[in-house]
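Geometric and topological summary
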Amino acid sequence: MNPRLVFWVPAVLRLGLVAGAAGIVWWMAGAVTALAFALVIVVTLLVVQLNYLHKLGEWLNDPKSGKLPDGWGAWTDVFARLYRLRRDDERNRDDLTEWLARFRQAMHLLPEGVAIMDDVLFLEWCNPAAERHLGLTLERDKGRRVTNLIRHPEFIDYVILGRYEQPLTLAIRGRKLVVQVIPFENRRQILVTHDATESDRIEAMRRDFIANASHELRTPLTVVVGFLEIALADPGLDAETRTAHLKLMTEQAQRMQRLIEDMLTLSRLESDEYPLKRERVDVHKLVEQVANDARALSNGRHQIEFEVDGPDLMGSAEELRSAFGNLATNAVRYTPAGGTIRLAWRRGPDDLRFEACDTGIGIDEQHISRLTERFYRVDKSRSRETQGTGLGLAIVKHVLLRHGGKLSIRSTPGKGSVFTASLPNTSLQG
Ligand SMILES: Nc1ncnc2c1ncn2[C@@H]1O[C@H](COP(=O)(O)OP(=O)(O)O)[C@@H](O)[C@H]1O
Ligand SMILES: [Mg+2]
């Protein structure tokens with residue numbers, strides 16, 4: 001219905017009622033009484049209206065304080081509508097607050113830095129990643145000019161010249177940052193920062209790995225190709241030389257084979273497509289096999305002992321065999337003839353550990369932290385002599401990482417080394 005009618009019809013009816021009642025009084029008690037009667041009623045109505053107006057005024061002073069009275073006549077509707085308005089307003093505000101909180105949290109978790117600046121480059125807001133990347137503190141730096149906060153000539157040029165199509169790469173506080181400005185709302189700009197240090201490091205590692213692997217393969221390949229060329233150039237080579245050449249070629253081919261196998265093992269260990277297969281590992285059998293392999297490699301030149309004093313564990317038998325085997329064969333390779341090698345599986349204070357202890361050449365302190373790097377060797381020629389690929393300890397590290405364990409190395413040059421593969425005790429089940 002028309003709201004105007006809704007308001008005016010009852011109001012006019014009410015006034016009509018008063019007039020009607022006054023008419024009846026007039027008829028019964030004369031004009032003066034009727035006028036007095038009408039006056040009293042009109043004044044009463046006025047007082048009631050004023051009272052509600054006052055209440056409305058009070059409520060408007062502090063709308064949150066309480067409920068409005070139900071009201072009377074047209075006030076009922078006015079109060080009800082006001083009340084609804086306030087409730088909707090509160091709900092909207094709650095929604096907005098919740099949304100803002102969610103947005104803040106998302107911005108907090110974002111690994112990319114986001115900073116909002118106004119048209120004259122004053123900082124308005126930034127997230128924690130931007131604080132970290134750019135060395136800002138929102139509370140302190142809010143309202144300050146970004147070019148005063150990030151005093152980097154390249155950055156200042158970039159921001160002032162306004163060529164924002166391309167991101168800018170900066171070296172800030174030892175990290176590599178990619179920053180880009182995105183204008184928005186025509187008076188504001190967003191500064192987005194991305195920390196590329198880690199991806200750069202991985203890229204460099206990948207490059208190094210390819211360079212090293214190619215280099216490692218090239219050397220034996222050169223030898224093989226050399227002998228093949230000799231054989232082709234001189235078909236009448238005597239049988240003895242020919243056999244010697246074939247033997248050398250076979251050695252080099254086997255070296256390449258070992259290298260490729262280790263590289264494949266490493267890439268499998270790193271790949272998500274080969275998740276760890278956990279099974280119950282019979283550690284006694286495993287250590288015995290490892291010791292036997294070590295004895296075969298040593299060929300009687302070392303005394304090799306093993307001891308199993310710890311429980312079985314859950315893990316990949318194949319991977320653990322490769323890890324423990326690498327530690328054992330290293331012990332053999334880097335221990336001169338006559339030395340002793342002790343392999344042991346035992347409980348540590350809060351872990352289970354495999355120890356490979358030798359009386360070999362030992363390792364200088366400065367090399368220890370780098371031994372698990374791919375192709376890192378203390379003595380390159382010795383490693384080749386002993387058929388090492390330079391990937392053994394990298395494989396050990398990865399296997400342990402996959403099992404939640406770690407490798408620690410103690411060594412005294414000239415006396416010997418202890419390599420300890422520590423595995424979490426939780427891997428023991430049943
Ligand atoms: N038991 C050990 N005693 C002395 N040096 C060792 C021992 N184990 C490993 N190393 C050193 O660590 C380097 C890396 O080991 P590893 O990754 O297994 O490669 P490699 O194929 O050369 O054996 C070796 O080249 C060697 O210098
Ligand atoms: Mg090795």
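Our structure's up above, just so we're on the same page.
Residues numbered from 1 in each chain as written. Chains lettered and ligands numbered in written order. Predicted model: local features only at pLDDT ≥ 70, side-chain atom pairs only at ≥ 80, totals over all residues.

A word on the overall build of the chain
Regarding its fold elements, the chain presents 14 helices and 12 strands. In terms of overall dimensions, the chain is more spread out than a globule: its C-alpha atoms have a radius of gyration of 43 Å, far above the 22 Å expected for 430 residues. The C-alpha extent of the chain, read off along each of the three principal axes, is 155 × 65 × 40 Å. The buried share among the 430 residues of the chain stands at 21%. The contacts of the chain with a sequence gap of at least 6 include a subset with a gap of at least 24, amounting to 56%. (Helix = DSSP H or I, 4+ residues; strand = E, 2+ residues; numbered from the N terminus. Rg over C-alpha atoms; globule rule 2.2 N^0.38 Å. Buried ≥ 20, exposed ≤ 12 C-beta atoms within 10 Å, placed from the backbone. Contact = placed C-beta atoms within 7 Å.)

Details of the site of ligand 1
As a matter of local geometry, ligand 1 sits amid 22 residues, with R377, V378, S383, G388 and G392 nearest to it. Elements with a contribution of two residues or more to the shell around ligand 1: α11 (317-333) and α14 (392-402). Here the residues of the shell around ligand 1 are counted per class, giving 9 nonpolar, 10 polar and 3 charged. (Near = placed C-beta within 6 Å. Nonpolar A, V, L, I, M, F, W, Y, C, P; charged D, E, K, R; others polar.)

Considerations on the nonpolar core
In this structure, A323, F324, L327 and A328 are the most contacted members of the largest nonpolar core, which totals 34 residues. At the level of elements, α10 (283-298), α11, β9 (340-347), β10 (351-358), α14 and β12 (416-424) are the ones that each hand at least two residues to this core. The dominant element in this core, judged by the number of residues it contributes, is α11, at 7 residues. Look past the residues within four positions of L327 in its chain and what remains in contact with it is A356, V396, F419 and A421. Core analysis: the second largest hydrophobic core is formed by 19 residues, A115, L123, V159 and V181 among them. (Core = buried A, V, L, I, M, F, W, Y, C linked by C-beta atoms within 7 Å.)

Side note on α10
The terminal C-alpha atoms of α10, which comprises 16 residues, lie 22 Å apart, in line with the 22 Å expected from a rise of 1.5 Å per residue. Taken residue by residue, α10 has V283, L286, V287, V290, A291, A294 and S298 as its buried positions. Seen from one end, α10 has its buried residues packed into an arc of 130 degrees, which puts them on one side. Summarising the contacts, the buried residues of α10 are in contact with β6 (279-281), β7 (303-308), β8 (313-315), α11 and β9. Where α10 ends, the next residue or the one after it, N299, has phi of about 55 degrees, a positive value. (Expected span 1.5 Å × (residues − 1). Arc of directions from axis to C-beta.)

Quick notes on the environment of A317
By the element assignment, A317 lies in helix α11. With 172 residues separating them in the primary sequence, A317 and R145 have C-alpha atoms 60 Å apart. Setting aside anything within four residues of it in sequence, one finds A317 in contact with E279, V281 and L286.

Let's talk about the packing of helix α1 (residues 3-29) against helix α2 (residues 31-61)
Contact geometry for α1 and α2: axes closest at 7 Å, N-to-C directions at 155 degrees. When the interaxial angle is binned, α1 and α2 end up roughly antiparallel. At the point where α1 passes α2, the crossing takes the right-handed sense. Where α1 approaches α2, its residues V18, A22, V25, W26 and A29 are matched on the opposing element by A31, T33, A34, F37, A38 and I41. Its residues placed into classes, the contact of α1 with α2 shows 10 nonpolar, 1 polar and no charged. (Axes fitted to C-alpha atoms, helices over the stretch in contact; angles between N-to-C directions. Parallel < 35°, antiparallel > 145°, perpendicular 65-115°, else oblique. Left-handed = near helix turned anticlockwise from the far one by under 90°.)

Some words on the sheet that holds β10
Spatially, 5 strands are ordered β7-β9-β10-β12-β11 in an open sheet, and the strand pairing comes out mixed. Of all strands in the sheet, those bounded by a partner on one side alone are β7 and β11 (406-412). Direction aside, neighbouring strands of the sheet carry axes that sit 10 degrees apart on average. Relative to β10, β9 is paired through 7 bridges, and the arrangement is antiparallel. Along β10, the bridge assignment pairs W345 with F354. Across the face of the sheet, α11 comes into contact with β9, β10 and β12 while running at roughly 20 degrees to β10. Against the sheet, α14 contacts β11 and β12, and its axis sits at roughly 140 degrees relative to β11. (Pairing = 2+ DSSP bridges.)

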